[in-house]
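# Observations on chain architecture
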Amino acid sequence: MQLLPPLPESLLPSLNAGKNLLAFSGGIDSSALFFILLANKIPFEVAHVNYQTRPKSNEETKHVQNLCKIHKIPCHVFTCKLQKGNFEHRARMVRYAFFARILRQRDLQILLSAHQLNDRLEWLLMRLIQGGGTISLAGFSQRESWHDWELIRPLSELTKSDLQGFLDANSLPYYEDESNLNPQFLRNQIRHNFSNPLLELGANGIRNSLDFLETDAKILQGENPKRFNQLWRIDRIKTPSPMAVVDKILKRQGVLMSKAQRDSLTCKDGVIANKFAIGWHDEFVGIAPYVNEKMTKDFKEACRKAKIPPLLRPYMYKANITPELLVHKL
C-alpha cells in the first residue's frame, strides 16, 4: 500500500498477540487503522456503535459490516437511541460499556482506538479554554491500563491529514461525519479555527510538546492505583496529585466532577453523586461504592484502630476487604 503509516515498534509485540478489538466508526481515523492493521497482518475484531443520530447512521453500519465480511473480520454491532442532554458523555458511557462486554465475552485484552494527533491538540485547547491542570491538559496516553484490559491508541503520533492521505492514495473507503462541520460545537470551532492551522505550522513541535506534557502528567499521577473488588487505593506517598487520579477513576465510572466538587473533596472525606465514597487516610486515598451495610463490632474496631475513613468501611465489610489489605503500617 502507498504511504502506509507506521505503527510504533513498542506496540507491535502486544498487537501481534492478536487479542485486539478495534473501535470502528467507519470514519477517516478508524478506517485508516482498520486498513493499517490489515496491511500489517495484525489479528483483530471490530466493535461498532450506531447511535441512530444521523440519516447515514444505518448506512455506515452496513458499510462496516460489509467491510468486515469481505475481510473475514468478526464484527460486533450495538444499536441504541440515547436521550437528549449531555449526549457526548452518555454516548461515551454506552460505548465503553459495550466495548468492555465484547472484550470480556471474546476473551480479548486490548481495545484499539484511532485517536490521532489532531485529537490530542483539540483536547488540550478545549481544556485550556475550560480550565485544567497539567494532567487534564495532557489528555489521553498512547497506552492506558483499564484493570481487566488495556486501551491502546496506535495513531496518536500521526495527523489526520496523514491518515486521509493514506486512504485517498489507496482508494480506500471511509465515511465523513457531517456533524464535524457544525460550527455550533466548540470542538469544531477549535478544530477549524485553531488546531488545524497550528498543525500546518508545526506538527513536529506540537507532537513533541504533547509528548513532554504526557511524560510530566505520568509523573504527577504516580503509580497505578491498586484495586480490591470495586475499591481503589491511591498511594499518597507515590502519587503527587491524588485528586487527579480520583477524577480519572470517577470519569471511568460515569461521574464527572465539577471544580467545586473537586475542591470540596480535596483532603476531605465525602460522597460524590450519591454513588461513590471518598476517604483520606495518612497512607492512601480510597474510592468505593457508597453503601449502607451493618458491620460487626470487631470489624468496626479493626477499622478504627487502622484509622480507615468511615465512609469506606461499609463497602469494605460487604466486599470482605480487611484493613490489613489497605494499611501497610499495621
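Heads up: these notes are all about the structure in this document. (Residues numbered from 1 in each chain as written. Predicted model: local features only at pLDDT ≥ 70, side-chain atom pairs only at ≥ 80, totals over all residues. Heavy atoms only, no water.)

What follows concerns the overall build of the protein chain. Each helix and strand counted, the protein chain has 13 helices and eleven strands in total. Taken over the C-alpha trace, the protein chain has a radius of gyration of 22 Å; the compact-globule value for 330 residues is 20 Å, and the two agree within 12%. Taken along the three principal axes of its C-alpha coordinates, the protein chain extends 70 × 40 × 40 Å. Buried residues in the protein chain amount to 46% of all 330 residues. The contacts of the protein chain with a sequence gap of at least 6 include a subset with a gap of at least 24, amounting to 65%. A total accessible area of about 17400 Å² is found for the protein chain, and carbon and sulfur atoms account for 52% of it. Side chains of the protein chain carry 45 positive and 33 negative charges; the gap between the two charge centres is 7 Å. (Helix = DSSP H or I, 4+ residues; strand = E, 2+ residues; numbered from the N terminus. Rg over C-alpha atoms; globule rule 2.2 N^0.38 Å. Buried < 20%, exposed > 50% of the residue type's maximum accessible area, 1.4 Å probe, protein only. Contact = heavy atoms within 4.5 Å. Areas by Shrake-Rupley, 256 points an atom, 1.4 Å probe, with all protein chains shown as cover. Lys, Arg positive; Asp, Glu negative; His and termini not counted. Charge placed at Lys NZ, Arg CZ, Asp CG, Glu CD.)

With that settled, consider the nonpolar core. Counting 30 residues, the largest nonpolar core has Leu22, Phe34, Val46 and Leu112 as its most contacted members. A per-element tally of this core places helix H2 (residues 28–39) first, with seven residues. The contacts of Leu22, once residues within four sequence positions are left out, are Ser30, Leu33, Phe34, Leu37, Phe44, Glu45, Val46, Ala47 and Leu112. Listed in part, the 18 residues of the second largest apolar core include Ala47, Ala91, Leu111 and Leu151. (Core = buried A, V, L, I, M, F, W, Y, C linked by side-chain atoms within 4.5 Å.)

Evaluation of the coordinates by the stated rule reveals 22 salt bridges. The partner of Glu214 in a salt bridge is Lys218, with the nearest N and O atoms 3.3 Å apart. With Glu214 and Lys218 both in helix H8 (residues 186–221) and four residues apart, this pair spans about one turn of that helix. Taking relative accessible area as the criterion, Glu214 reaches 12% and is therefore assigned buried. Linking Glu223 and Lys238 is a salt bridge whose minimum nitrogen-to-oxygen distance equals 3.9 Å. In this pair, Glu223 is assigned in the loop between H8 and strand E7 (226–228) and Lys238 in the loop between strand E8 (231–235) and helix H9 (242–252), connecting sequence segments 15 residues apart. (Salt bridge = Lys/Arg side-chain N within 4 Å of Asp/Glu carboxyl O.)

Below, the discussion takes up the packing of H2 against helix H7 (residues 160–169). Running from N to C, H2 and H7 point in directions that differ by 60°, and their axes come no closer than 9 Å. By the criterion of interaxial angle, the relationship of H2 to H7 is oblique. Like other packed secondary-structure pairs, H2 and H7 cross with a definite hand, here left-handed. Contact with H2, carried on its side by Ile28, Asp29, Ser31, Ala32, Phe35 and Ile36, involves Lys160, Leu163, Gln164, Phe166 and Leu167 of H7 and no other residues of that element. Residues belonging to the contact of H2 with H7 are distributed by class as follows: seven nonpolar, two polar and two charged. (Axes fitted to C-alpha atoms, helices over the stretch in contact; angles between N-to-C directions. Parallel < 35°, antiparallel > 145°, perpendicular 65-115°, else oblique. Left-handed = near helix turned anticlockwise from the far one by under 90°. Nonpolar A, V, L, I, M, F, W, Y, C, P; charged D, E, K, R; others polar.)

With twelve residues, H2 extends 16 Å between its outermost C-alpha atoms, agreeing within 8% with the 16 Å of an ideal straight helix rising 1.5 Å per residue. For H2, the full list of buried residues reads Ile28, Asp29, Ser30, Ser31, Ala32, Leu33, Phe34, Phe35, Ile36 and Leu37. Check the buried side of H2 and you find it contacts strand E1 (20–23), strand E2 (45–50), helix H3 (57–70), strand E4 (110–112), helix H5 (117–130) and H7. Downstream of H2 by one or two residues, Lys41 has phi in the positive range, about 55°. (Expected span 1.5 Å × (residues − 1).)

With burial as the criterion, each face of E1 is covered, one bearing Asn20 and Leu22 and the other bearing Leu21 and Ala23. Note that E1 and E2 share three bridges and pair parallel. Looking at E2, one finds that Ala23 is bridged to Ala47. With H2 bridging E1 and its parallel neighbour E2, the resulting β-α-β unit is right-handed. (Pairing = 2+ DSSP bridges. Right-handed = clockwise from strand over helix to strand, strands pointing away.)

With that settled, consider the packing of aromatic side chains. Aromatic rings considered in pairs are described by the distance between their centres and by the relative angle of their planes. Scanning all chains against the criterion turns up eight aromatic pairs. Measuring from centroid to centroid gives 5.7 Å for Tyr51 and Phe87, while their planes differ by 75°, and the two rings are edge-to-face. On the criterion of sequence distance, the pair formed by Tyr51 in the loop between E2 and H3 and Phe87 in helix H4 (residues 87–105) is long-range, its members being 36 residues apart. You can call Phe87 partly exposed: its relative accessible area is 33%. Between Phe299 and Tyr317, the ring centres sit 5.1 Å apart and the planes meet at 65°, which makes this aromatic pair edge-to-face. With Phe299 in helix H11 (residues 297–305) and Tyr317 in helix H12 (residues 313–318), this residue pair connects regions lying 18 residues apart in the sequence. Through successive ring pairs, a cluster of aromatic residues spans Phe24, Phe34, Phe35 and Phe44. Positioned over the ring face of Tyr96 is Arg92, at 4.8 Å from the centre of the ring. A cation over a ring is seen here: Arg101 above Phe78, with NZ or CZ 5.7 Å from the ring centre. (Phe/Tyr/Trp six-rings, centres within 6.5 Å; stacked < 30°, edge-to-face > 60°. Lys NZ or Arg CZ within 6 Å of the ring centre and 35° of its normal.)

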